[in-house]
Structures are given as structure tokens and as C-alpha cells.
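Each chain, written out:
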Amino acid sequence: MDSNKKYGFGTKAIHAGMEPDPSTGAIMTPIYQTSTFVQEYPGKHKGYAYARGKNPTRAALEKNIAALENAKYGLCFSSGMGAVDAVIKLLKPGDEVITGNDLYGGSYRMFTKVFEPLGIKFHFMDMHDAGNIKNYINANTRLLWVETPTNPTMQIVDIAACSAIAKAHNLIFAVDNTFASPYLQNPIDLGADIVMHSVTKYLGGHSDVIMGALVLNDDKLYERLAFIHNSCGATPGPMDSFLVIRGIKTLHLRMQRHCENGEKIAHFLRSHPKVEKVYWPGFEDHPNHHIAKKQMKGFGGMISFVVNGNINETFRIASSTKVFSLAESLGGVESLLNHPATMTHASIPKEEREKAGVVDNLIRLSVGTEDIEDLIEDLKQALN
Ligand SMILES: *Cc1c(COP(=O)(O)O)cnc(C)c1O
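Only a predicted model underlies this, so the values are computations on that prediction, with no experimental measurement involved.

About the criteria used
Residues numbered from 1 in each chain as written. Predicted model: local features only at pLDDT ≥ 70, side-chain atom pairs only at ≥ 80, totals over all residues. Heavy atoms only, no water. Pairing = 2+ DSSP bridges. Helix = DSSP H or I, 4+ residues; strand = E, 2+ residues; numbered from the N terminus. Axes fitted to C-alpha atoms, helices over the stretch in contact; angles between N-to-C directions. Contact = heavy atoms within 4.5 Å. Core = buried A, V, L, I, M, F, W, Y, C linked by side-chain atoms within 4.5 Å. Buried < 20%, exposed > 50% of the residue type's maximum accessible area, 1.4 Å probe, protein only. Domains from an automatic or database assignment. Salt bridge = Lys/Arg side-chain N within 4 Å of Asp/Glu carboxyl O.

Asker: Give me the sheet that holds strand 2 (residues 96-100): which residues, what numbers.
Answerer: Taken in spatial order, the seven strands make up an open sheet running 1-7-6-5-4-2-3, and their pairing is mixed. Each edge of the open sheet carries a strand with a single partner, namely strand 1 (73-77) and strand 3 (121-125). Averaged over all neighbouring strand pairs, the angle between strand axes comes to 20°, with direction disregarded. Relative to strand 6 (residues 194-198), strand 5 (residues 172-176) runs parallel, the two sharing three bridges. Bridge pairing links Ala174 to Ile194 in strand 6. Packing of helix 2 (residues 56-68) onto the sheet brings it into contact with strand 1 and strand 7 (212-216), and relative to strand 1 it is tilted by some 125°. Along the sheet, helix 7 (residues 219-232) makes contact with strand 1, strand 5, strand 6 and strand 7, crossing strand 1 at roughly 20°.

See below:
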């Protein structure tokens, strides 16, 4: 690629960060399965010394993910949680964080069970109206951590509005962009300082890798995060990096299909008598639809719905699909169905959970890229 030229998303997904292998011309970045690199004399090497710090397969992937988010730097981690962990390690005891009250369960667990005991304070708030954030800011506030769309009720947070508040109060503003993927939403363009991804989901896209990433522009912040990355060591291996490089080459194609299928399934569910409520940001009466429309290129394939019936009926439906698989996770080519109350959100106390809309009758779908007729047919027979 010509580094002075601006390319479209699909071209970047396929080519950004990729160079033919210098020794053979191989078009695909090799899996550099090595822990160390030989030096000519002490300190003289080709930019690679020890693979925790830097590995060529991972370096190619990091450049690629950075390009997809229109950013300068990328850092890949051995899981999404590893990436979140590195961001919180920018802080020190006494610092405070403002974040949403329907956060990814793993982030909530890490914040409350790992970092709160170490002296970092977290405020969990309803971010539906970003203006409320101001009420939680004090002299110790350092970080604003936002997820949008949220999991599993698909609430939308206004990224540009959050960014303005963060800038006015000198906060680091980080966005967990896992649910949207860089194809649908680019928070850095809207003023975020750090974008985090669970690469495990849409970026990898094939349910075969656990990985995380951070993407950012600021030189100083990058220097510190790269230091934490290497010092704490949650770095992914070259085989996983290769699988994600391969996965990302079809990200734009997969996302188009996820969106098309998602839209059809959202409307199908909404018109079904066994369904009480459907959560999908593409509906015009979704509370923040206008913000979703402004900051996202499409509405994605994540949909949640409430079954009109009792818990036994919900369990029956959840276990009678033939194409949708009952499993945690999301973002892969295969359609998944999840029962948040007993699966992804089981660690959140029932009362807290229900306040956020995660009732016992809620089912979450990660709509895959299969044929839409088969997916609708499958839901139809399960709901009947
Ligand atoms: C899965 C997920 C994570 C955690 O990522 P892992 O790769 O599972 O460690 C964080 N945030 C969101 C929104 C997720 O869906």
C-alpha cells in the first residue's frame, strides 16, 4: 500500500500492515514461532529481541488493527481482559473511574474484585444521557470507560458527547468497541483516546482465538501502555496473531452480512407473538436510535429479546434451536444464542441484573452469516 494514500475499509482490512515476507516473498505474514531473535553483537538486532516485547506476526496485526480504527498505534493482548487490565494499570490508588452500569460482566468483575481492593474507585452510572457523567467527576477522576452498544440490552452511549466532557475535565477517555467492531464505529474519530477490542469477537470472527487489543494516537500514552504490555506480559502468540490477520481480511464482508441478517431477524422477532420486547439499536423507537445513526455505519448482528412466557418456556426455546448454538461469546460467523441470566451475566446479583433489564426471560442472539431463511426458520420452530 502507498502510505500517503487514503484507502477504503475493505482495502485496509486486507492490506494494512501487510508486507511480502522479505526472505521468500510469501504474501501471508509468516507465523514467527520463536521466543528470541539472534543479535549480531550486543544490542544490534533487526528490531526484534525477545518475543514478549515484539514479534513480527503480532507487529503486522497491530499495524492492521490500528489502521482499521484510523489510529497510529495498536497493541495486541492475550485476551480482551488483558487489554482492559493494561488500561486500568495507567492509574494509581486514589484515582477514580466513571463507567456504565451495564458493563461487560468480566470488566465489572475486574473493576470491583481486582482493582477496587487496590484502591481505585469505580462509579457505575446510567450513560443513556452522557450529560449525567459530569455529576460524578471530582478532583480524583482520571478515566472515563464507555461501552456502546452495551451488552446485552444494546443501549447506545453518545461517544462525541463523552469525548467533549472528558476533554473539558482532562480525563482519559476509553471506549470498548467490541460490539460494534471497527467496521461499524470508529471512536478515535469521535475523540476517544483509547479504543479497546475483545479481538475474540468480530475481529477474529471465527470463534477460534482469544485476544484483545488497544488502539490509540497519543505518543506518551502509547509509550506507557507499551511499557505495561511488555512488563506485565499479557501478549498473544504468533499462531493466534496469524489467525486474526486471516480473520480480519473478511471483516467488512462478514459485517455487511451480520447487519443484513440482524435487521431481518430484529423485525421478525418484533412481529412474533411469543416475543415481548426486542433490543436492537436499528429500531426508530430505540431510545438512542438517533445517536446510533450518527455514530455507527450500521446496527450490527447483536439482538436481545424478552420471551413472552415463563422461565421454563425461555429455557425450552433457548435449547431447541438447530442452527443457532447455545453458547457464550459472539461475533463469529456461526449464530449463537445465549441466556444472559444464567450464562454471561450470572455473576451479577439478580437485583442488579434486573435493574439493567437482564431478566430471566431475556435471550441474546449473536446473528451469524448463515443464510437468513435458515436462521429465521430455526427461530420460528424454536418459538413455536
Ligand atoms: C468478550 C468481551 C470482553 C472480554 O474479552 P475476552 O477476549 O473474552 O477477554 C470485553 N468486552 C466486551 C464487550 C466483550 O464482549
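The discussion continues.
Asker: How would you explain the nonpolar core if you had to name every residue and give the values?
Answerer: Counting 40 residues, the largest nonpolar core has Leu61, Ile65 and Ile248 as its most contacted members. Breaking this core down by element, the ones donating at least two residues are helix 1 (9-15), helix 2, helix 6 (181-184), strand 7, helix 8 (238-248), helix 9 (251-270), helix 10 (289-295) and strand 9 (302-307). It is helix 2 that contributes the most residues to this core, five residues altogether. Mapped onto the domain boundaries, this core takes at least three residues apiece from domain 1 (9-248) and domain 2 (252-383).

Asker: Which residues make up the environment of Asn140, and what values do they have?
Answerer: Its place among the elements puts Asn140 in the loop between strand 3 and strand 4 (141-147). When its relative accessible area of 35% is taken as the criterion, Asn140 is described as partly exposed. Sequence separation of Asn140 and Ile120 is 20 residues, and the distance between their C-alpha atoms is 9.9 Å. In contact with Asn140, other than residues within four places in its own chain, are Gly94, Asp95 and Glu96.

Asker: If you had to explain the side chain of Thr57 to someone new, which residues and values would you point to?
Answerer: As for its placement among the helices and strands, Thr57 is situated in helix 2. Among the residues examined, Thr57 registers a relative accessible area of 0% and is labelled buried. Discounting chain neighbours no more than four positions away, the residues touching Thr57 are Thr29, Pro30, Ile31, Tyr32, Pro238, Ser241, Phe242 and Ile245.

Asker: Quick rundown of the pattern of salt bridges? Include the residues and the values.
Answerer: Enumeration over the complete set of coordinates arrives at 14 salt bridges. Two residues, Lys44 and Glu40, come together in a salt bridge whose shortest N-O distance is 3.2 Å. Overall, Glu40 belongs to the exposed group, its relative accessible area being 60%. For Arg316, the salt bridge goes to Glu313, with nearest N and O atoms at 3.1 Å. Here Arg316 pairs with Glu313, and both are found in helix 11 (residues 311-318), just three residues apart, close to one helical turn. Here Glu313 falls in the buried class, since its relative accessible area comes to 17%. Here the salt bridges share partners, and the residues they tie into one network are Lys350, Arg353, Glu354 and Asp360.

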